[in-house]
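# Per-entry structural report
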Amino acid sequence: MSEEFCSNCKQTVKPKRIDGRYIIHEIEHVLHFERGILYTIRELLIRPGENIKNFITENRSRLVKPIIFIIVTSLIYTLISKFFHIEEGYIKLDAEGSQMQSINNWVQSHYGYSNIIMGGFIAFWLKIFFRKYDYNFFEILILLCFILGMEMLIFSVFALFEGLIKFPLMQIAAVIVFIYFSWAVGQFFDKTKVSSYAKALVSYILGMITFGLSIGIVGLLAGLVMKN
């Protein structure tokens, strides 16, 4: 056998040099471009609840993997918001140097992980309000990875336009995000019932509140530990 190949695994002993084509291939692999992140975005815009339900119960090859999706979309938002300094006008903390500020800075720098953590709180409330439906906590968390990922894209679009035209648009984006969340989750559970959309909205609000309270508690405890 040629010395260029391993006799055991049949792989090339010396890999090819990393070049632009390699980088493009890796990005395509991560984003699952053979099916399409753009396809996923389109499907989540048109029929979010139905497509996510299909992903959970039937076919998991049609959409981009949910964890990757929320991390990538959160990264897009982080890059845009940092480039245009969007959040400097919306998030202000007076307790500079405190543990609370450190935690807040971590949240703003790691939206992907923060969204997954916040998704856990929202999933808890959705599980309570929609307890008669046969979805476990982790399936609901997958639902939220897709939806919160789409929210990050919505915020990204408005942040980009706000940065370009210098006109405050993020409040409008927040309203659209609330509407999208209620619509997507309501469609997922039972699109024929108005109560589904109302319970989705309440779960979202309670999830964000409890997530915020948990951050405050962690910051308070961290501050107490640092003083001792």
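These figures come from a predicted structure and were not determined experimentally.

The rules behind each value
- Residues numbered from 1 in each chain as written.
- Predicted model: local features only at pLDDT ≥ 70, side-chain atom pairs only at ≥ 80, totals over all residues.
- Heavy atoms only, no water.
- Salt bridge = Lys/Arg side-chain N within 4 Å of Asp/Glu carboxyl O.
- Buried < 20%, exposed > 50% of the residue type's maximum accessible area, 1.4 Å probe, protein only.
- Phe/Tyr/Trp six-rings, centres within 6.5 Å; stacked < 30°, edge-to-face > 60°.
- Lys NZ or Arg CZ within 6 Å of the ring centre and 35° of its normal.
- Core = buried A, V, L, I, M, F, W, Y, C linked by side-chain atoms within 4.5 Å.
- Helix = DSSP H or I, 4+ residues; strand = E, 2+ residues; numbered from the N terminus.
- Contact = heavy atoms within 4.5 Å.

## Regarding the pattern of salt bridges
Enumeration over the complete set of coordinates arrives at four salt bridges. The closest approach of N and O atoms between R47 and E43, which form a salt bridge, is 2.9 Å. In this structure R47 comes out as partly exposed when scored by relative accessible area, which is 34%. With relative accessibility at 2%, the residue E43 sits in the buried group.

## Overview of the packing of aromatic side chains
Think of a pair of aromatic rings as described by two things: how far the centres are apart, and how the planes are tilted against each other in angle. Throughout the structure, instances matching the rule amount to 17 aromatic pairs. Between the aromatic rings of F83 and F84, the centroid separation amounts to 4.9 Å while the plane-to-plane angle is 90°, which identifies the pairing as edge-to-face. Consider the rings of F130 and Y133, whose centres lie 5.9 Å apart with planes at 55°: the pair is tilted. Residues F130 and Y133 agree in their burial class; the two are buried. These aromatic residues form a ring-pair network of at least three members: F130, Y133, Y135, F188 and F189. Over the ring of F188 we find K53, and its NZ or CZ is 5.9 Å from the ring centre.

## Observations concerning the nonpolar core
Counting residues in hydrophobic clusters, the biggest one holds 53 residues, and the most contacted among them are F69, F181, V185 and F189. Every element with two or more residues in this core is listed here: α2 (37–46), α3 (48–57), α4 (66–84), α5 (99–109), α6 (111–129), α7 (137–165), α8 (170–190) and α9 (194–227). Top contributing element to this core by residue count: α7, with 14 residues. Contact partners of V185, with chain neighbours within four places excluded, come to L126, F130, L143, I147 and A200.

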